[in-house]
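Analysis of the macromolecular model
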Amino acid sequence: EAGVAQSPRYKIIEKRQSVAFWCNPISGHATLYWYQQILGQGPKLLIQFQNNGVVDDSQLPKDRFSAERLKGVDSTLKIQPAKLEDSAVYLCASSLDPAARSGRALFFGPGTRLTVL
Amino acid sequence: SQQGEEDPQALSIQEGENATMNCSYKTSINNLQWYRQNSGRGLVHLILIRSNEREKHSGRLRVTLDTSKKSSSLLITASRAADTASYFCATDPTTGNQFYFGTGTSLTVIP
């Protein structure tokens, strides 16, 4: 079974530039998550999709971050414009259905390490 | 914040020894999961324990849960160099619909 795919693996940009990350979840997984992991901290949920609808985006800085999941499969996360504090690893994860309450495991991709200079 | 806290932040042991790490959280939960993260990689699910369970085993892993103290522990027995990683607990609160990851314990197993 193929895992969660993410690209690019690394990205370095100047502040105020824009950047986009791509995620392809495990086939058949209806729920997709984007997490931000700052160095030395645990992952923090940015947005959760159920198929192509947003379930939770309460912690997404909507003035600069956007995400979409067209056709309920692949997803992209965009930052525009980037700030220094956006330097982090951006992790995509998927699960068969919403993990909360169901006890489903999250399957994570390798992440994209973003450095904002 | 509903984020859990792991203790200790860092742990260094010799190969073959046991490693214990703890997770404390603040709200009532449905279940708690433990994940491992190798350097530069994504997280990997290790084990889940539900709120009505007190102990669970999986291979060399033993997880306990004390809901009265709002804490969980992860024991790795007979550690190996390959166990070197960061370990995170993730809580599923009874209110809301998302997991909250803790701050992590960085484990180093010295060959």
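Note that the coordinates shown come from a computational prediction; the quantities given were computed from them, not determined experimentally.

1. Digging into the state of the cysteines
Two cysteines whose sulfur atoms are joined by a covalent bond form what is called a disulfide. Evaluation of the coordinates by the stated rule reveals 2 disulfides over all chains. Put simply, A:Cys23 and A:Cys92 are joined by a disulfide, and their sulfur atoms are 1.9 Å apart. Measuring handedness by torsion sign, the sulfur bridge of A:Cys23 and A:Cys92 sits at about -70° and is left-handed. Placement of A:Cys23 in strand E3 (residues 19–24) and of A:Cys92 in strand E9 (residues 88–95) is noted, with a sequence separation of 69 residues between them. As far as burial versus exposure is concerned, A:Cys23 and A:Cys92 are alike and both buried. A sulfur-sulfur separation of 2.0 Å characterises the disulfide bridge that pairs B:Cys23 with B:Cys89. An S-S torsion of about 65° defines the bridge between B:Cys23 and B:Cys89 as right-handed.

2. Focus: the sheet that holds strand E1 (residues 5–7) of chain B
Hydrogen bonds between backbone atoms are what pair the strands of a sheet, whose relative direction is either parallel or antiparallel. Residues and elements named next belong to chain B. Read from one edge of the open sheet, 5 strands run E1-E3-E8-E7-E6, paired in antiparallel fashion. Where the open sheet ends on each side, the last strands, each with one partner, are E1 and strand E6 (55–58). This sheet shows a mean twist of 20° between the axes of neighbouring strands, independent of strand direction. Sheet analysis places E1 next to strand E3 (residues 19–24), joined by 3 bridges and oriented antiparallel.

3. Concerning the interface of chain A and chain B
Counting from both sides, the interface comprises 26 residues of chain A and, opposite them, 25 residues of chain B. Carbon and sulfur atoms supply 46% of the area that chain A and chain B bury against each other, a total of about 1700 Å² over both sides. If you look at where chain A meets chain B, you find 0 salt bridges. Here chain A is connected to chain B by 6 residue pairs in polar contact (both at pLDDT 80 or more). Mapped by element, the contributors of at least two residues to the side of chain A that touches chain B are strand E4 (31–37), strand E5 (44–50) and strand E6 (53–56) of chain A. Across the side of chain A that touches chain B, the residue classes break down as 11 nonpolar, 10 polar and 5 charged.

4. A short note on the sheet that holds E3(A)
All names here are of chain A. Taking strand neighbours across the sheet as the criterion, the 4 strands line up as E1-E3-E8-E7 in an open arrangement whose pairing is antiparallel. Edge strands, defined here as strands with exactly one partner in the open sheet, are strand E1 (5–7) and strand E7 (65–68). The average undirected angle you get between the axes of adjacent strands in this sheet is 15°. Sheet topology places E3 next to strand E8 (residues 75–79); 5 bridges connect them, and they run antiparallel. Paired with Ala20 across the two strands is Lys78, which belongs to E8.

5. A closer look at unusual backbone geometry
Residues A:Gln80 and A:Pro81 are joined by a peptide bond in cis, for which omega reads -5°. As for its placement among the helices and strands, A:Pro81 is situated in the loop between E8 and E9. That bond from B:Asp7 to B:Pro8 is cis: its omega, 0°, falls within 30 degrees of zero. The topology assignment puts B:Pro8 in the loop between E1 and strand E2 (10–14). The phi torsion at A:Lys71 lies on the positive side, around 60°, for a residue other than glycine.

6. Some points on the pattern of salt bridges
All names here are of chain B. Applying the stated criterion to the full structure yields 6 salt bridges over all chains. Two residues, Glu55 and Arg62, come together in a salt bridge whose shortest N-O distance is 3.0 Å. Overall, Arg62 belongs to the partly exposed group, its relative accessible area being 29%.

Rules behind the numbers
- Position numbers for residues count from 1 along each chain, tracking the sequence in the order it is written.
- Key to labels: chains lettered from A, ligands numbered from 1, both in the order written.
- Residues qualify for local features only when their pLDDT is at least 70, as the model is predicted, and side-chain atom pairs are given and counted only at 80 or more; totals for whole chains, interfaces and linings, by contrast, use all residues.
- The basis for every side-chain value is the complete set of heavy atoms in the structure, and neither hydrogens nor water enter the calculation.
- Disulfide: a pair of cysteine sulfur atoms within 2.5 Å of each other.
- Under the DSSP-based scheme used, a helix requires at least four consecutive residues in state H or I and a strand at least two consecutive residues in state E, with every element numbered from the N terminus.
- Type-normalised accessible area, obtained with a 1.4 Å probe on protein chains alone, sets the label of each residue: buried when under 20%, exposed when over 50%, and partly exposed for intermediate values.
- Any two strands with at least two DSSP bridges between them are considered paired.
- A fitted line through C-alpha atoms serves as each axis, taken over the contacting stretch for helices, and the angle formed by two N-to-C directions is quoted from 0 to 180°.
- What makes two residues a contact is simply this: any of their non-hydrogen atoms within 4.5 Å.
- Put simply, buried area is how much 1.4 Å-probe accessible surface two parts lose in total, over both of them, once they are put together.
- Salt bridge criterion: a side-chain nitrogen from Lys or Arg within 4 Å of a carboxyl oxygen from Asp or Glu.
- Distance and chemistry together define a polar contact, namely a pair of N or O atoms within 3.5 Å, with one atom able to donate a hydrogen and the other to accept it when in protein, and with adjacent residues in sequence counting only for side-chain atoms on both sides.
- Classes in brief: Ala, Val, Leu, Ile, Met, Phe, Trp, Tyr, Cys and Pro nonpolar; Asp, Glu, Lys and Arg charged; the others, Gly included, polar.

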